[in-house]
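What the coordinates show
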Amino acid sequence: MTEPFTCANARYRTDTRHGHPHGKGQARGSVLQAPLVTQADTGDTLWLEYVLGPEGARFWLMWYDANGLPRLTNSAVMDHANLAIMLRALGHGAALDAVQAALPPAGHAA
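Bear in mind the structure is a predicted one, so any value in this text is a computation, not a measurement.

What counts and what doesn't
Residues numbered from 1 in each chain as written. Predicted model: local features only at pLDDT ≥ 70, side-chain atom pairs only at ≥ 80, totals over all residues. Heavy atoms only, no water. Helix = DSSP H or I, 4+ residues; strand = E, 2+ residues; numbered from the N terminus. Rg over C-alpha atoms; globule rule 2.2 N^0.38 Å. Buried < 20%, exposed > 50% of the residue type's maximum accessible area, 1.4 Å probe, protein only. Contact = heavy atoms within 4.5 Å. Areas by Shrake-Rupley, 256 points an atom, 1.4 Å probe, with all protein chains shown as cover. Lys, Arg positive; Asp, Glu negative; His and termini not counted. Charge placed at Lys NZ, Arg CZ, Asp CG, Glu CD. Salt bridge = Lys/Arg side-chain N within 4 Å of Asp/Glu carboxyl O. Polar contact = N/O pair within 3.5 Å; in protein donor to acceptor, adjacent residues only side chain to side chain. Pairing = 2+ DSSP bridges.

Counting its secondary structure elements, the protein contains two helices and five strands. What you see in the protein, going N to C, is helices and strands ordered as β-β-β-β-β-α-α. Rg of the C-alpha trace for the protein: 13 Å, near the compact-globule value of 13 Å for 110 residues, within the 12% margin. By its C-alpha atoms, the protein is 40 × 30 × 25 Å across when sized along the principal axes. Counting across all 110 residues of the protein, residues that qualify as buried make up 35%. Of the contacts made within the protein by residues no fewer than 6 positions apart, 39% connect residues no fewer than 24 positions apart. Carbon together with sulfur atoms contributes 53% to the accessible area of the protein, which is approximately 6,200 Å² in total. Put simply, the protein has 8 plus and 9 minus side-chain charges, and the middle of one group is 6 Å from the middle of the other.

Okay, here's the thing in structure tokens:
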């Protein structure tokens, strides 16, 4: 995609209507306020993002370089139930209520 800190493939794209910006003045789409990982040597960051696809709201993990360009050519998309498992395992379970509040009703695909 042409906007830093957004990504798309044939089926899904970062949903910039929701979430936190990926840095000051950048596109929204991040589930959490900060990256999950920052590589000290490269500045690469790993973000948990809202994703829009044919099934409606989903999530993915996406690596970006220091300029906000996607590092991945493949992605793994997850639904809300799998997101809840992952956030709890990573110690971010408190973020679940905010994530749920930001999503459209189930079954609503934009």
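Moving on to the pattern of salt bridges. As enumerated under the stated definition, the model contains three salt bridges in all. For R11, the salt bridge identified is with E55, shortest N-O distance 2.4 Å. Within this pair, whereas R11 is found in the segment before β1 (13–14), its partner E55 is found in the loop between β3 (45–53) and β4 (56–64), the two being separated by 44 residues in sequence. Relative accessible area serves as the criterion here: at 47%, R11 is assigned to the partly exposed category. You can call E55 partly exposed: its relative accessible area is 33%. Linking R71 and D44 is a salt bridge whose minimum nitrogen-to-oxygen distance equals 3.0 Å. Of the two residues, R71 is situated in the loop between β4 and β5 (77–78) and D44 in the loop between β2 (37–38) and β3; the sequence distance between them amounts to 27 residues. The class for R71 is partly exposed, based on a relative accessible area of 48%.

Counting along the chain gives 50 residues from E55 to F5, while the straight-line C-alpha distance between them is 22 Å. Here Y12 takes part through its side chain, which lies 3.1 Å from a polar atom of the side chain of E55.

Before going further, it helps to examine unusual backbone geometry. Peptide bonds are trans in most cases, and residues, glycine excluded, mostly fall at negative phi. A positive phi angle is found at F5, which is not glycine, with a value near 60 degrees. Examined against the element boundaries, F5 turns out to sit in the segment before β1.

Considered for burial, the residues of helix α1 (residues 80–89) that qualify are L83, A84, M86 and L87. Buried residues in α1 make contact with β3, β4, β5 and α2 (96–102). The positive-phi residue at the C-terminal boundary of α1 is G91, with phi of around 85 degrees.

On to the pairing of β3, then. Most of β3 is tucked away: nine of the nine residues are buried. Judged by which residues are buried, β3 turns out to be covered on both faces: T45, W47, E49, V51 and G53 on one side and L46, L48, Y50 and L52 on the other are all buried. Here β1 pairs with β3 via two bridges, running antiparallel. Across the sheet, R13 pairs through a bridge with L52, a residue of β3. Sheet topology note: the β2/β3 ladder contains two bridges and is antiparallel. Residue T38 lies in a different strand from β3, and its bridge partner there is T45. What sits between the antiparallel neighbours β2 and β3 is a turn of six residues, in which G43 has the positive phi angle 80 degrees. Here nine bridges tie β3 to β4, and the two strands are oriented antiparallel to one another. Each bridged residue has a counterpart across the sheet, and for G53 the counterpart in β4 is G56.

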